[in-house]
Protein chains: 2
Amino acid sequence: MKRTTLAVLFGAWLLDKLHRRTVLTALLGSVAGAVVLSKSPAEAQSDPLPSWNDGKAKQSILDFVTAVTREGSTDFVPAPERIATFDNDGTLWVEHPMYTQLAFALDRVKTLAPQHPEWKDKPPFKAALDGDMETLSASGEHGLVELVMATHANMKVAEFVGVVKEWITTARHPRFKRLYTELVYQPMLEVMAFLGANGFKTFIVSGGGIEFMRVWSDRVYGVPPEQIVGSSIKTRFQMEGDVPELLRLAEVNFINDGAGKPVGINEHIGRRPIAAFGNSDGDLEMLQWATKASGRRFGLIVHHTDGEREYAYDQDTHFGRLGKATLVDRI
Amino acid sequence: MKRTTLAVLFGAWLLDKLHRRTVLTALLGSVAGAVVLSKSPAEAQSDPLPSWNDGKAKQSILDFVTAVTREGSTDFVPAPERIATFDNDGTLWVEHPMYTQLAFALDRVKTLAPQHPEWKDKPPFKAALDGDMETLSASGEHGLVELVMATHANMKVAEFVGVVKEWITTARHPRFKRLYTELVYQPMLEVMAFLGANGFKTFIVSGGGIEFMRVWSDRVYGVPPEQIVGSSIKTRFQMEGDVPELLRLAEVNFINDGAGKPVGINEHIGRRPIAAFGNSDGDLEMLQWATKASGRRFGLIVHHTDGEREYAYDQDTHFGRLGKATLVDRI
């Protein structure tokens, strides 16, 4: 098992603070020998990953892209099949001290509380209003779903989009005091741009809400709405007089996490990714689906080990299954 | 109400038989005045719709594309928002004497029958094996779902893809004796290509199975797998030893028809189409969703009136709701 540690920049907001470290582990799928026929587009350009320290992880990305884009190479993959999938929370942006979408839900509870006096005594809502994360956490999945439905459902899709747009352009991270959309990882933005420049189509494949991400993903990541795969609640179409409306119902439609990710990928993309990027147990099956197949494949896990510039929480919280996964044996 | 009748070619297989007629009705959404600032790309090229008779339907397509692609026009739509959705059965390919996917299911029943001796006496299967369409039809939705599950489920996604690939490249239409993929409507292929050349992203939005269509949609329509929205059954991810697999379960996931089409569009595309093309009641809500909104919009209904070169079944079967729809009042 080769683990590569390299310093990376976490977010555009950290561009001025180089030389700290976090860990990126590169998972390489089947690595057939590339037949060198010509200088590849990936090699020809100047450093496409300037925020990455030179090291095996960076090199493995460059090598992979070189191999699959070089016509005539045994590893060559035609452009339409160059599908890369990225987890979002903890892979593209900060997920501590809580998922951003949970922060959104808690803020929504506070905003909506005046219209719901009964929330003052109702368990998950009371905890949310009191900022009592322990009790909130103890309310479990049931409590969380109740919160999500109260804040995400029973409105038109267009209304929800408006609410998210307003929040995401004003709410600030409790520690960094920056917009959440500024807490994105610069090295990963560079990987996405590099893949895009080499004919890849990049998709976000997240446990987060599909409609929540679509509001800002194009602007922040350059990933358009039709390339977002996420969790969703059910919607219903209805005509209101002569006006067609889509209503968000208080019912879970699909949870795009863990074993759900390959299902979501298949439903939305209908092709198998040749590269996947994740950071937690919830990404294990996506990484398996992308890398355990014939042809050149690439998988990468972002580790979080930098408590100063970000959060160090890697092995403690999210890495049980992933740490033991067969995939890791390939490193 | 202006209805425009024009002769069109139905299918590449009919390229040699011009001058027959079917009816295309152009539905125009809000048509704001276009400010003419420059010769548009749409006008500049030679006739992009050579199989269409000159007439209002053809002209309305040309006008729409001119308006939304001309920078500075009040109707201008940026390329990423140029989303066009197409129904498949009866809009892009022949749907008589039965949906092609039903023909596939019936052939599958015959192929699998030796492994299922019990089918000889089981209602929907017996009817399918006997070619008794009346009894099959009488078995209703329940019988149909039973047939679909027996022929589409309980196998790996990759296996299903293989079965469809084999069938679609060999099975022939009972009347025309051609591959089903040859029974596509040439005028509609031209519209799809014309929109694509003008920065549109085209999606298939069909009641048919998403996995069934993806096998051949890219080759036949130039629409890649990630731009197909369709009905689906549930799938489950599981590791078989070290091999990740997606299994097709005998459970309906989503029916992408009627009011389901805007829901499927929203889930998969996350943008509202500015143009939609359909032919039956199942397309009403998609047409409403696409056209009843601000900005320049376009909707088109393919009518089937040519019993010689195709099938004349228009008003009889599919047009109850659509014929009475408010949308039609706009024509």
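Residues numbered from 1 in each chain as written. Chains lettered and ligands numbered in written order. Predicted model: local features only at pLDDT ≥ 70, side-chain atom pairs only at ≥ 80, totals over all residues. Heavy atoms only, no water.

*Asks:* Just to check I follow, could you spell out the packing of helix α4 (residues 123-130) of chain A against helix α6 (residues 140-152) of chain A for this structure?
*Replies:* Two quantities define a packed helix pair, namely the angle between the axes and the distance from one axis to the other. Residue and element names in this part refer to chain A. Relative to each other, α4 and α6 sit at 75°, their axes nearing to 9 Å. With respect to α6, the axis of α4 lies roughly perpendicular. Residues P124, F125 and A128 of α4 touch α6, and the partners they reach there are G143, E146, L147 and A150. (Axes fitted to C-alpha atoms, helices over the stretch in contact; angles between N-to-C directions. Helix = DSSP H or I, 4+ residues; strand = E, 2+ residues; numbered from the N terminus. Parallel < 35°, antiparallel > 145°, perpendicular 65-115°, else oblique. Contact = heavy atoms within 4.5 Å.)

*Asks:* What is the right way to read the interface of chain A and chain B from this model?
*Replies:* Many descriptions give the size of an interface as the accessible area lost when the pieces come together. At the interface, 37 residues of chain A touch 37 residues of chain B. In total, chain A and chain B occlude about 3,000 Å² of area from one another, counting both sides; carbon and sulfur atoms represent 49% of this. Ranking the residues of chain A by area buried against chain B places E226(A), F237(A) and E267(A) at the top, with a combined share of 22%. There are 6 salt bridges connecting chain A and chain B. Notably, a salt bridge pairs K292(A) with D242(B), separated by 2.5 Å at the nearest N-O pair. Those elements that place two or more of their residues in the side of chain A that touches chain B are β5 (201-209), α9 (210-214), β6 (228-240), β7 (243-254), α11 (260-268) and α12 (284-291) of chain A. (Buried area = accessible area lost by both parts, 1.4 Å probe. Salt bridge = Lys/Arg side-chain N within 4 Å of Asp/Glu carboxyl O.)

*Asks:* It is not clear to me how helix α2 (residues 56-69) of chain B should be interpreted in this structure. Could you clarify?
*Replies:* Each α-helix turn comprises 3.6 residues. Residues three or four places apart therefore point the same way. All names here are of chain B. Compared with an ideal rise of 1.5 Å per residue, which puts 14 residues at 20 Å, α2 spans 20 Å between its outermost C-alpha atoms and is within 8% of the ideal. Burial of α2 is extensive: 11 of the 14 residues sit out of reach of the surface. Turning to α2, its buried residues are A57, K58, S60, I61, L62, F64, V65, T66, A67, V68 and T69. (Expected span 1.5 Å × (residues − 1). Buried < 20%, exposed > 50% of the residue type's maximum accessible area, 1.4 Å probe, protein only.)

*Asks:* Would you take a moment to explain the relation of the copies chain A and chain B for this structure?
*Replies:* Between the two copies of the chain lies a relationship made up of a rotation around an axis and a movement along it. If you rotate chain A by 180° and push it 0.0 Å along the axis, it lands on chain B with an RMSD of 0.0 Å. Classification of the inter-copy transformation places it as that of a two-fold axis. Of every C-alpha in chain A, the one belonging to H268(A) sits nearest the axis of rotation, 3.1 Å from it. Interface residue correspondence from chain A to chain B reaches 100%, placing this contact among same-surface, isologous pairings. (Least-squares fit on C-alpha atoms with pLDDT ≥ 70 in both.)

*Asks:* How do you make sense of a nonpolar patch on the surface when you look at a structure like this?
*Replies:* Where nonpolar side chains cluster on the molecular surface, the patch consists of V145(A), V252(A) and I255(A) and spans about 220 Å² of accessible area. Among the secondary structure elements, I255(A) is positioned in the loop between β7 and α11. (Patch = residues over 30% accessible without salt bridge, like charges linked within 9 Å, V, L, I, M, F, W, Y side chains within 5 Å. Areas by Shrake-Rupley, 256 points an atom, 1.4 Å probe, with all protein chains shown as cover.)

*Asks:* Could you clarify how one ought to interpret the pairing of strand β6 (residues 228-240) of chain B in this entry?
*Replies:* If a strand is regular, its side chains alternate between the two faces of the sheet. Residue and element names in this part refer to chain B. Across 3 bridges, the pairing between strand β5 (residues 201-209) and β6 is parallel. For I204, the partnering residue across the bridge sits in β6 and is I228. Two strands pair when backbone bridges link them, and β6 and strand β7 (residues 243-254) are joined in this way by 8 bridges, in the antiparallel orientation. Of the residues in β7, the one forming a bridge with F237 is L246. Taking the residues between adjacent antiparallel strands as the criterion, β6 and β7 are bridged by 2 residues, where G241 takes a positive phi near 65°. (Pairing = 2+ DSSP bridges.)

*Asks:* Before we go on, may I ask you to explain the packing of aromatic side chains in this structure?
*Replies:* Aromatic ring pairs are described here by two measures, namely the spacing of the ring centres and the angle between the planes. Residues and elements named next belong to chain A. Considering all chains together, one arrives at 30 aromatic pairs over all chains under this definition. Through successive ring pairs, a cluster of aromatic residues spans W93, F104, F160, W167, Y180, F212, W216 and Y221. Seen from the ring of F160, R248 lies directly overhead, with NZ or CZ sitting 3.9 Å from the centre. (Phe/Tyr/Trp six-rings, centres within 6.5 Å; stacked < 30°, edge-to-face > 60°. Lys NZ or Arg CZ within 6 Å of the ring centre and 35° of its normal.)

*Asks:* Is there a simple way to explain the pairing of strand β8 (residues 275-278) of chain A in this structure?
*Replies:* All names here are of chain A. Burial along β8 is two-sided: the residues A275 and F277 and A276 and G278 are all buried. Note: β8 against strand β9 (residues 298-303), 4 bridges, orientation parallel. Paired with A275 across the strands is F298, a residue of β9. Running through α12, the crossover from β8 to the neighbouring parallel element β9 is right-handed. (Right-handed = clockwise from strand over helix to strand, strands pointing away.)

*Asks:* Please explain the confidence of the model for chain A as it appears in this structure.
*Replies:* Do not read the fine detail of predicted coordinates wherever pLDDT is low. Residue and element names in this part refer to chain A. Of the residues in chain A, 81% reach a pLDDT of 70 or more, and the chain-wide mean stands at 84. Long-range and interchain partners of residues 324-331, a stretch whose pLDDT sits below 50, account for 26 contacts in this model, where long-range means more than four residues apart. This prediction of the complex comes with two scores: 0.86 for pTM and 0.86 for ipTM. (pLDDT = per-residue confidence, 0-100.)

*Asks:* Whenever I open this one, unusual backbone geometry confuses me. Can you help?
*Replies:* Trans peptide bonds make up most of the peptide bonds, and negative phi angles are found at most residues other than glycine. The amide bond that connects H96(A) to the next residue, P97(A), takes the cis arrangement and shows omega of 5°. If you check the backbone angles, N154(B) has positive phi at about 55° while not being a glycine. Relative to the elements of secondary structure, N154(B) occurs in the loop between α6 (140-152) and β4 (155-156).

*Asks:* Which parts of the structure should I look at to understand the packing of helix α3 (residues 100-112) of chain B against helix α7 (residues 157-168) of chain B?
*Replies:* Residues and elements named next belong to chain B. Packing of α3 against α7 brings their axes to within 11 Å, and their N-to-C directions diverge by 105°. One finds that α3 runs roughly perpendicular with respect to α7. The residues of α7 that touch α3, namely those facing T100, A103, F104, D107 and R108, are F160, V163, V164 and W167. Residue composition of the contact of α3 with α7, grouped by class: 6 nonpolar, 1 polar and 2 charged. (Nonpolar A, V, L, I, M, F, W, Y, C, P; charged D, E, K, R; others polar.)

*Asks:* Would you take a moment to explain the nonpolar core for this structure?
*Replies:* Side chains of a nonpolar character, in soluble globular proteins, are inclined to be buried together. By size, the foremost hydrophobic cluster in this structure holds 53 residues, and its most contacted members are F86(B), W216(B), Y221(B) and F277(B). Contacts of W216(B), omitting those with residues within four sequence positions, involve N88(B), W93(B), V164(B), I168(B), T181(B) and Y221(B). Counting residues in hydrophobic clusters, the runner-up holds 52 residues, among them Y185(A), F194(A), V223(A) and Y313(A). (Core = buried A, V, L, I, M, F, W, Y, C linked by side-chain atoms within 4.5 Å.)

*Asks:* Help me understand the pattern of salt bridges in this model?
*Replies:* A side chain with one charge may pair with a side chain of the opposite charge, provided their charged atoms come close. Residue and element names in this part refer to chain A. Scanning all chains against the criterion turns up 33 salt bridges over all chains. Between K156 and E245 there is a salt bridge, and its shortest N-O distance comes to 3.7 Å. Linking K156 in strand β4 (residues 155-156) with E245 in strand β7, this pair joins segments that are 89 residues apart in sequence. Of the residues examined, K156 reaches a relative accessible area of 24% and is grouped as partly exposed.

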